[in-house]
Every structure is written in C-alpha cells, then in structure tokens.
Amino acid sequence: MSSNTKFDCLFRSLTESLGPDGKVLLASNSECESAKRIQSEDILVVKPFTPQAIPQVLNTVDRLQNEYKCLSVYPVSTGKNWGYGSATPSTKNENAILLDMSLLNEVTFFDAESGVISVQPGVTQQQLYDFLQEQNAPFMVPVTGAGPTTSILGNALERGYGITPIADHFTAVTAVKGYLADGSFYESSLQAMSNTAHSNGEECYVDKTFKWKHGPYLDGIFTQSGNMVVSEVTIALARKKPAFDSFYMRFFNEKSFETAYGVVQDIFQNLEGVVGSINLMDKRRVAAMVADNPQGAGNHAVMTSEQVNKIAKKFDVPEWTVVGTIYGTKAVAKAAKKDIKKIAAKKADQLLFSNSLLVSLGKVVTENTNLALLSSAREQLEKLSAGIEVMQGKPSQVALPLAYWRNPRVKPDKKRIMNPAEDGCGLLWYAPLVPAKANAMKQFVDMIRTIAPKYNIEPMITFTNLSGISTDSTIPIVFDKENPQAVDDAHNCLDALYHEGLKQGFVPYRLNIKQQQELDPNSTFWKTAGKIAHALDPKGIISPDRYNPYKNLI
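Residues numbered from 1 in each chain as written. Predicted model: local features only at pLDDT ≥ 70, side-chain atom pairs only at ≥ 80, totals over all residues. Heavy atoms only, no water.

*Asks:* Any details on the overall build of the chain? Residues and values, ideally.
*Replies:* Helix and strand counts for the chain stand at 16 helices and 20 strands. In the chain, which comprises 554 residues, the proportion classed as buried is 55%. Long-range pairs, those at least 24 residues apart, make up 71% of the contacts in the chain with a sequence separation of at least 6. When the accessible surface of the chain is totalled, it reaches about 24,500 Å², and 53% of it is carbon and sulfur. (Helix = DSSP H or I, 4+ residues; strand = E, 2+ residues; numbered from the N terminus. Buried < 20%, exposed > 50% of the residue type's maximum accessible area, 1.4 Å probe, protein only. Contact = heavy atoms within 4.5 Å. Areas by Shrake-Rupley, 256 points an atom, 1.4 Å probe, with all protein chains shown as cover.)

*Asks:* Before we move on, could you go through the packing of helix 7 (residues 257–271) against helix 10 (residues 330–344) and cite the residues and values that matter?
*Replies:* Here helix 7 crosses helix 10 at 145°, and the two axes come no closer than 10 Å. Remark: the crossing between helix 7 and helix 10 carries right-handed chirality. Touching Val263, Asp266, Ile267, Asn270 and Leu271 of helix 7 are Ala336, Asp339, Ile340 and Ile343, all from helix 10. Tallied by class, residues from the contact of helix 7 with helix 10 come to 6 nonpolar, 1 polar and 2 charged. (Axes fitted to C-alpha atoms, helices over the stretch in contact; angles between N-to-C directions. Left-handed = near helix turned anticlockwise from the far one by under 90°. Nonpolar A, V, L, I, M, F, W, Y, C, P; charged D, E, K, R; others polar.)

*Asks:* I'd like a rundown of the nonpolar core, residues and numbers included.
*Replies:* Core analysis: the biggest nonpolar cluster contains 62 residues, and Ile117, Leu128, Leu132, Val230, Val233 and Ile235 have the highest contact counts within it. Sequence-distant contacts of isoleucine 117, defined by excluding residues within four places in its chain, comprise Val107, Phe109, Phe110, Leu128, Phe131, Val233, Thr234, Ile235 and Leu237. Counting residues in hydrophobic clusters, the runner-up holds 49 residues, among them Phe257, Leu271, Val275 and Phe444. (Core = buried A, V, L, I, M, F, W, Y, C linked by side-chain atoms within 4.5 Å.)

*Asks:* So what's going on with the pairing of strand 19 (residues 471–480)? Which residues, and what values?
*Replies:* Most of strand 19 is tucked away: 10 of the 10 residues are buried. Across 6 bridges, the pairing between strand 16 (residues 425–430) and strand 19 is antiparallel. Its bridge partner lying in strand 19, glycine 426 is registered against phenylalanine 479. Where strand 18 (residues 462–465) meets strand 19, 4 bridges bridge the pair, whose relative direction is antiparallel. Following the sheet pairing, threonine 464 is matched in strand 19 by aspartate 472. Here strand 18 folds back onto strand 19 in antiparallel fashion, the turn holding 5 residues. (Pairing = 2+ DSSP bridges.)

*Asks:* Break down the sheet that holds strand 2 (residues 44–48) for me, with residues and values.
*Replies:* Sheet architecture is open: 4 strands sit in the order 1-2-4-3, paired in mixed fashion. Only two strands of the sheet have a single neighbouring strand rather than two, namely strand 1 (22–26) and strand 3 (72–76). Across the sheet, the axes of successive neighbouring strands diverge by a mean angle of 25°, strand direction being ignored. Bridge count for strand 3 against strand 4 (residues 96–100) is 5 bridges, and the pairing is parallel. Residue pairing in the sheet places valine 76 in a bridge with aspartate 100 of strand 4. Relative to the sheet, helix 2 (residues 53–64) contacts strand 2, strand 3 and strand 4, its axis offset from that of strand 3 by approximately 155°.

*Asks:* Quick one: what's the story with the confidence of the model for the chain, residue by residue and with numbers?
*Replies:* The predicted model of the chain averages 90 in pLDDT, with 89% of residues at 70 or higher. Below a pLDDT of 50 lies the segment residues 361–369, which in the model reaches 11 contacts outside its immediate sequence neighbourhood of four places, other chains included. Contacts for the low-pLDDT stretch residues 371–375, under 50 throughout, to residues beyond four places or in other chains number 4 contacts. (pLDDT = per-residue confidence, 0-100.)

*Asks:* So, the sheet that holds strand 9 (residues 185–186): which residues are in play, and what are the values?
*Replies:* The 5 strands are arranged 5-6-10-8-9 in an open sheet whose pairing can be described as antiparallel. Edge positions in the sheet fall to strand 5 (107–111) and strand 9, since each has one partner strand and no second. Where strand 6 (residues 116–119) lies against strand 10 (residues 229–236), 4 bridges are found, and the strand directions are antiparallel. What sits directly across from valine 119, in strand 10, is valine 233.

*Asks:* Tell me about the packing of aromatic side chains, and please be specific about residues and values.
*Replies:* The geometry of an aromatic ring pair comes down to the distance between the two centres and the angle between the two planes. Using the criterion set out here, one finds 15 aromatic pairs in the structure. Ring geometry for tyrosine 179 versus phenylalanine 185: centroids 5.1 Å apart, planes at 50°, classification tilted. Residue classification places tyrosine 179 among the buried residues on the basis of a relative accessible area of 8%. An aromatic cluster of three or more residues is present, and its members are Phe257, Tyr261, Trp320, Tyr430, Phe444, Phe463 and Phe506. One residue, lysine 211, lies across the ring of tryptophan 212, its end atom 5.7 Å from the ring centre. The positively charged end of arginine 510 is found above the aromatic ring belonging to tyrosine 84, 4.4 Å away from the centroid. (Phe/Tyr/Trp six-rings, centres within 6.5 Å; stacked < 30°, edge-to-face > 60°. Lys NZ or Arg CZ within 6 Å of the ring centre and 35° of its normal.)

*Asks:* Please set out the side chain of glutamine 120 residue by residue, giving values where relevant.
*Replies:* Tracing the chain through its elements places glutamine 120 in the loop between strand 6 and helix 3 (125–134). Beyond its immediate stretch of four places on either side in the chain, glutamine 120 contacts Pro51, Leu104, Asn105, Glu106, Thr108, Leu153 and Ser231.

*Asks:* I'd love a proper account of the environment of valine 73, names of residues and values included.
*Replies:* Mapped onto the secondary structure, valine 73 falls in strand 3. The class for valine 73 is buried, based on a relative accessible area of 0%. When the C-alpha positions of valine 73 and isoleucine 97 are compared, they lie 4.8 Å apart, and in sequence the two are 24 residues distant. Not counting chain neighbours up to four residues away, the residues in contact with valine 73 comprise Val57, Leu58, Val61, Ile97, Leu99, Ile541, Ile542 and Ser543.

As structure tokens, then:
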C-alpha cells in the first residue's frame, strides 16, 4: 500500500470512528486553522466536538498501529505555545495525528462563592475573563504574556506562571481529569470514592477543593508529559483584593543591578504574601517595549549602544526597571506602600505607584492633549495601563509585539488579534531558573550579553522573581523566520545559551521540542518518568517522546 493510500485510509478510519462527534482535516486544508500553527510536514488534524470523542480517537489509533509505523496522537489545547513549538508535534514521525481540542471550550463547573472553576482545554484567557465578568464574580484570570487567545488549561499543564497573586499556575490546579491511552477515563480517588455512593456520578465538591487526594500524588505526572489527554482541570482562582497598586522603580546607573536586586530581596523578605511576583527588566528589554526596532525589522543585527541610548533618552528608559504589585485590604496596601517607599529610599532613582497622583495626572493630560510632544508619553502610559490590567487579571496583548521585533512583513497591531505563529514571527525562548542570589544573577546577565550578540540576537533580559528564593529568567530570541541565516543563528544562540548556562548553574524549567530530545535517558529521574509513561501507554499512543527520552531505551 502506498503512503498516499495509507494516508487516505487513516483519514477515513478516523472520520468513521468520530462520526458526528468531531471532524478530521488535512493540515493543508485552508479551513484547518491549526495548520497555521504547525511547523512540520502535512499531518492529519482531529478536532473533537465533545470530550467523549477523545477515547474514540485513541481506540482507533490503537487498532491501526500495526498498519502505521509509530502512529501516535499529539494533543494541543489551542496550539498557541509561542516560542516553544506552537502546535507542532514533538516528533519527527510522519504518522503523527494532531488532536486539536480548541473546540472543547466549556466552563463545566463554577462556584461563585469560592472561585473554584473547571475548564476544558479550549477555554482561553479572554473567554474566562468574559465569563467572570458576566457572573460579576470577584476573581482574577491567571493571565500570562502569551495573550487573550491562549489556553488556561494548556498553560497550567506546562507549569507556566504569571504576575498575578498565584504566580505558579499549576499550584492553583486542584483536580485533573482526562483519558489514558487505552481510552479509560481518569479522575481522582476522591471522585472515585464519591462515585461508590452516587450511582449517577455527580461531581464531588471536595475533590475540586483538595489538591492532594489519597495515596501517591498522581495529577502531577500529567503535566509536561504525554501520559494522558487531559480534558479538564479545576482551578482555585485568586480573589480580587479590596485594594491594588503596582510599583515601578527605575535605576539609571550602569552598575545599579546589585542595588536593584537588593531592593527586590528586601521587599520579599518583608512583604512576601502581600506583594506578588516581581519583574526586573534591563534597558534593552524595556526599549523593545516602548520603541520600534531602530535597525529595521528586516535587519539581522543587534542595536548599537548609540541606538539604545537614543531610545533611552527619548523614552526615559533606565538601566534596570523593577515592576511589582501589592494586593490586600486598603489598610494592608497602604502600609505596604509605605514600607516599599522606605526600602527604595536612596536606592531607586525613581519610584512610582500606579495609583499615584503623578500617573493619574499624566493619563488625563495625554488623553486630552494632541500635541506631538506628548505622543511618546501617551504611548508609555497606554502600555503602563495595559500592564496594570494584566496584573489585575485582565488578558492583554501588551507583551505580544515583542514577537514582531524582527518581522519585516507584519507589524503588530493591538486593534486586531495578534497571532505570532500565523504572522510568521521567529521566536524562541530561553527560560532557565537562576539562583536567586545577586552574584549568580549578575553572572547570568554577563553570559547573555556575551553570547547573544555573537549570533546577532538582541540580548533582552527579564527576571521574574517568583518568591524570595526562586527566580526565573525569560530571554526572547527574536529573529526573521524567512532569513535562513537568522534562523540558523537563532537556534545556534539558543543551543549556546542552553549548554553554557548548564555549566554555570542555570537550568531551564521548560524545554522546546529539540531540547526535550536531548535529555539524558540514563538518569534515574528520566528512567523513572519513562517507566511510568510506558506502564500507562506501552504502545506509545499519546505524545510518546514528550519529555520522555527513556522511550528509546525500552
């Protein structure tokens, strides 16, 4: 049987098994929105209309595995995992089926009193925000910089984080449900016990509110893995506090990093629990937020020092910027604000609070004045307002223009829904955990600024301080996707940062497809993870090589 004939037979088999519960498309089909986010050869895309269609797909794949070498299913929620592969299956195998669950977009449970909510894979940040607004519910969406159209469930399972009060998003996940490779439905021990007393299988409320269940904690093995097709997660949303304020500190001295990070440490030591995660950004990162690329989007070159300084002068950009949030009662927020002023005194060159009279007056003046002289100030305040909304749990596209920094074909436009994958943006992420110590972080800064320019990659640095002891850095590797040299340089830059960073103690917490394939299969950890995966899915039906280097040794 020829490969084309086999492909047609597979298409028919999947279509017949789904019936009215889903549809099958070729990635080349113009109606297949998923295809615009796939960076690989033509594959089949299955879009279930109901969760019950998922086991039908799995059982069909199981039945056909003898006919198709390495036939497997690769689930995605909305497929908008920008910079980590988007919707591309983590395999080189041509017999891959993309299971696009974006149409499974229901909120299946919501307790308006506690903020506990259950969502399917296709529920986006914007959809959840709109739902909470309609309910007039005082809870925050666990937003990220990826934007309004990205999946809540997908980000949680990737162990993503944000800058709202519950920074680590999987921390807020209290229950996971889904389908194992054999088509069986997985739910927790609490729900299983409840089912013995309720023949109708009604939802067990305490299952949704108690994370740890009985016995071994199993829900975690379904994150960053292919161990199950997750069809629902339950999340405990953060409640909006009576008072909110954000603070912005600016440090203009070239050697002010230690001072800036010292302030961050002092804030956590004194106000952890009141202050959320804190971002620390360098001059080039902020410059890319407030100005267009002075080199031109199609030029594969790093900004010169003169260009950076020109932007800094025009937009008043410091060497380091600290951004954080205060959540609490009015009395707590007032006291915290007073403490932060004391901590920053004689250290930060400038300290602003989002609720300050200066910021409020600036908004009024720029919104009601059309002088060209105020255009840059107006733009900065608009971005400041959008950033504040993100910290309050409102989805925003404020961070997405960065992906277009070197895209000469498409300009970012906040008036439309931006999609970096569809718009052909070149973006990779280097996202290591960095020891939360000033000397190690300074060493990391030096490494980025030494390696990235060698590959003509702009060295833009953000530290997200998740707590007083945990710091993550996100380094965007932005490039022109249609420039072969730029593509090679981007991937070589990421490799260089990855390997040199490991030598210096900077270990990524999240990996792209290529990096997953380079994990050490002989380590005890990956052997253990691989044995669990093999026990659950011996035929390798669900994403068999996703965070699973051990599969090749079985």
